[in-house]
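Chain by chain, the residues run as shown.
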Amino acid sequence: MIDLRSDTVTRPSEGMRAAMAAAEVGDDVYGEDPSVNRLEADVARLLGKEAALLCPSGTMSNLIAILTATHPGEEVLVDKEAHILHYELAGAAVIGGVQLRNFDARNAGCPTSDQLRELERLNDPGHEPRTSLLCLEQTHNRRGGTVAAPEELRAAASTAREMGMLVHLDGARLGNAAARLGIPLRDLAECADSVNFSLSKGLGCPVGSLWVGSRDARVRAHVWRKRLGGGMRQAGVLAAAGLYALEHQLPRLVEDHEKARRLANALHDARGLQVDAEQVQTNIVLLQTERPADQVISRAAGAGVLLTAFGQHTVRCVTHLDVSLAQMDEAAAVISRAAG
Ligand SMILES: Cc1ncc(COP(=O)(O)O)c(C=O)c1O
């Protein structure tokens, strides 16, 4: 099988398993796990922030960011294709009591200042909720792994602050964005008060995402993590995987981008589908299919290639550590037959 459903399907490598087996551990609920403490310090430093908090998943890390930055009855602005809106089971509404209000930002989900200004409330607290948080996403999953430039993120964040909001960045694939732009992670994280940084996607860890932000906000984030049942004990075995990934997997994300380009180029002339090679900026390839997406997916699966549906006629392919460049030609041949 060539599994292109997601970069979350990767299995920990031999080297990562060895690092996990050798991890120094302690009880992290007491703050005593040296590997977790090191990982949190290293990720905070890489992203140019004061503090980080290891969470079991990106979904929890995003939710903690929202809970930490808002109060019940307020609202959060997100792009209409945001992961937080589509795939996190309305946790912000169910647990945080906030509503999600969206905009349509075709530029990798990053709104212009004008778009944000159009959403400005009239300062009428008797009728309108307070808009307290802007959530950005980088790379943007449902917009095909696309990347906004740091100056665009900065402009959106600065308008959001003028409007009284804090800014959260869902950087589940921030490493892919930094690799694409050839800039340090901190240059992309700079726009945000808090960031979600995932270990279990392109970085190949079995578990883990970090909430990253200020030392003060971490105190509140820590309370929410415990409340949500995310306090972990000897989590150093997971942190060791993260530390290994920062050293060995982060620098190789560009290889996954090359695989995605190879796949997109090989599908360029395929019948029954369209792929916009310009939009293939990182490790995600979106295909618009003439056949229903689920039909293409089951035909491809029958021939050994696994894909995901992103809409009635949209199929997503994601490249990662556990597929090779050479396999992209094979995958393209199978997908072309399945779509044609
Ligand atoms: C952009 C984005 N944010 C957040 C998440 C949630 O991460 P997790 O699956 O670890 O909950 C994902 C997962 O695919 C994602 O793609």
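Every chain is numbered on its own, with residues counted from 1 as its sequence reads. Whole-chain, interface and lining totals are the exception, using all residues; otherwise, since this is a predicted model, local features are given only for residues with pLDDT of at least 70 and side-chain atom pairs are given and counted only at 80 or more. The basis for every side-chain value is the complete set of heavy atoms in the structure, and neither hydrogens nor water enter the calculation.

What follows covers the overall build of the protein. Working definition: helices are DSSP H or I runs of at least four residues, strands are E runs of at least two. Numbering for both runs from the N terminus. Helices and strands together make up the secondary structure of the protein, namely 14 helices and 13 strands. Just to be clear, the radius of gyration here is over C-alpha atoms, and the globule rule we use is 2.2 Å times residues to the power 0.38. For 340 residues, the compact-globule estimate of 2.2 N^0.38 gives 20 Å, and the C-alpha radius of gyration of the protein, at 20 Å, lies within 12% of that figure. Sequence-distant contacts in the protein: of pairs separated by 6 or more residues, those separated by 24 or more amount to 75%. The Shrake-Rupley method, run with a 1.4 Å probe, gives the accessible areas here. Residue values count only the displayed protein chains as cover. Accessible surface computed for the protein: about 14400 Å², of which carbon and sulfur atoms make up 49%. For the protein, the centre of its 36 positive side-chain charges and the centre of its 43 negative side-chain charges are spaced 3 Å apart. Contacts are assigned to residue pairs with any non-hydrogen atoms lying within 4.5 Å of each other. When charges are counted, neither His nor the chain ends are considered; positive counts come from Lys and Arg and negative counts from Asp and Glu. Here the site of a charge means atom NZ of a Lys, CZ of an Arg, CG of an Asp or CD of a Glu.

A volume near 340 Å³ is recorded for the largest pocket. Any residue with an atom within 4 Å of a point lines the site, the site being either a cavity, points on a 1 Å grid over the protein atoms alone where a 1.4 Å probe fits but cannot get out, or a pocket, an open set with protein on both sides within 12 Å along at least 5 of 7 lines. Lining the largest pocket are 15 residues, with R142, R143, G144, L286 and Q288 sitting closest to its centre. At the level of secondary structure, the elements contributing two or more residues to the lining of the largest pocket comprise β9 (273–275) and β10 (284–289). Ranked by residues supplied to the lining of the largest pocket, first place goes to β10 with three residues. Grid points are joined across faces, edges and corners, and a volume is the space filled by probe spheres set on the points.

What follows deals with empty space enclosed by the protein. Within this structure, the stated rule accounts for one cavity of 30 Å³ or more. Roughly 50 Å³ of volume is contained in the largest cavity. Forming the walls of the largest cavity are G171, A172, R173, L174, G175, N176, F197, S198, G202, L203, L250 and L253. Counting residues per element, the ones that place at least two in the lining of the largest cavity are α8 (174–181) and β7 (194–198). For the lining of the largest cavity, the leading source of residues is α8, giving three residues. For the lining of the largest cavity, a count of residues per class yields six nonpolar, five polar and one charged. Note on residue classes: Ala, Val, Leu, Ile, Met, Phe, Trp, Tyr, Cys and Pro are nonpolar, Asp, Glu, Lys and Arg are charged, and everything else, Gly too, is polar.

Bringing the domain arrangement of the protein into the picture now. Splitting the protein by domain gives domain 1 (10–248) and domain 2 (253–339). Taking the mean C-alpha position of each, domain 1 and domain 2 sit 27 Å from one another. If you look at the interface, domain 1 gives 19 residues, while domain 2 gives 15 residues. Joining two parts hides part of their accessible area as seen by a 1.4 Å probe, and the buried area is that hidden amount summed over both. Summed over both partners, the interface of domain 1 with domain 2 comes to about 1600 Å²; 54% of that surface belongs to carbon and sulfur atoms. Here, a salt bridge means any Lys or Arg side-chain nitrogen found within 4 Å of an Asp or Glu carboxyl oxygen. Run the count over domain 1 and domain 2 and you get zero salt bridges. How far each domain reaches was decided by an automatic or database domain assignment.

The subject of this paragraph is the site of the ligand. Every residue lining the ligand is accounted for by S57, G58, T59, N62, H83, E88, E137, N141, D170, A172, R173 and K201. Identification of polar contacts relies on pairs of N or O atoms within 3.5 Å, with a donor-acceptor requirement for protein atoms, meaning one able to donate a hydrogen and the other able to accept it, and with residues adjacent in sequence counted only if both atoms are side-chain atoms. Taking G58, its main chain carries an N or O atom lying 2.8 Å from an oxygen atom of the ligand. Between the ligand and K201 there is a distance of 3.0 Å, counted from an oxygen atom to a side-chain nitrogen or oxygen. Burial of the ligand by the surrounding chains reaches 84%, relative to a free accessible area of 390 Å². Here a residue is near a molecule or strand as soon as one of its heavy atoms is found within 4 Å of it.

Pairing between strands requires that DSSP locate at least two bridges from one strand to the other. In spatial order, the strands read β2-β8-β7-β6-β5-β3-β4; together these seven strands make up an open sheet with mixed pairing. Only two strands of the sheet have a single partner each, and these edge strands are β2 (51–55) and β4 (99–103). Strand-to-strand twist in this sheet, taken as the mean axis angle between neighbours without regard to direction, amounts to 25°. On top of the sheet, helix α10 (residues 215–227) reaches β2 and β8 (209–213); it is set at about 15° to β2, its chief contact. Structural elements are reduced to axes, namely lines fitted to C-alpha atoms, with helices fitted over the stretch in contact, and the angle between N-to-C directions of any two is expressed from 0 to 180 degrees.

Next up on the list: the packing of helix α1 (residues 14–21) against helix α11 (residues 236–248). Viewed as axis vectors pointing N to C, α1 and α11 meet at an angle of 135°, and their least axial separation amounts to 8 Å. Compared by their axis directions, α1 and α11 come out oblique. Considering the relative orientation of α1 and α11, their crossing is right-handed. Together, G15, M16, A19 and M20 of α1 and V237, L238, A240, A241, Y244 and A245 of α11 make up the contact between the two elements. Across the contact of α1 with α11, the residue classes break down as nine nonpolar, one polar and no charged. Here is the rule for angles: anything less than 35 degrees is roughly parallel, anything more than 145 is roughly antiparallel, 65 through 115 is roughly perpendicular, and the remaining ranges are oblique. Throughout, a crossing is termed right-handed when the near helix is turned clockwise from the far one, and left-handed when it is turned anticlockwise from it by less than a right angle.

What follows is about the state of the cysteines. Criterion for a disulfide: a pair of cysteine sulfur atoms within 2.5 Å. Going through the model one piece at a time under the given rule, you end up with zero disulfides. C110 carries a free sulfur, and the closest cysteine sulfur to it, the one in C191, is 7.7 Å from it. Think of it in three bands: with a 1.4 Å probe and only protein chains considered, a residue is buried below 20% of the maximum accessible area for its type, exposed above 50%, and partly exposed in between. The exposure class of C110 is buried, given its relative accessible area of 4%. Here C135 stays unpaired: no disulfide links it, and the sulfur of C191, its closest cysteine neighbor, is 11 Å away.

Let us now look at unusual backbone geometry. The step from Q138 to T139 runs through a cis peptide bond, and the omega angle for that step is -5°. Within the secondary structure layout, T139 lies in the loop between β5 (131–137) and α7 (150–162). A positive phi is found at A90, a non-glycine position, where the angle reads about 55°. Take A90: it is sitting in the loop between α4 (83–86) and α5 (91–94).

What follows covers the side chain of T68. With respect to the helices and strands, the residue T68 is situated in helix α3 (residues 58–69). Residue T68 is classed as buried on the basis of its relative accessible area of 11%. Side-chain polar atoms of T68 contact the backbone oxygen of I64, separated by 2.6 Å. In contact with T68, other than residues within four places in its own chain, are A217, R220, A221 and W224.

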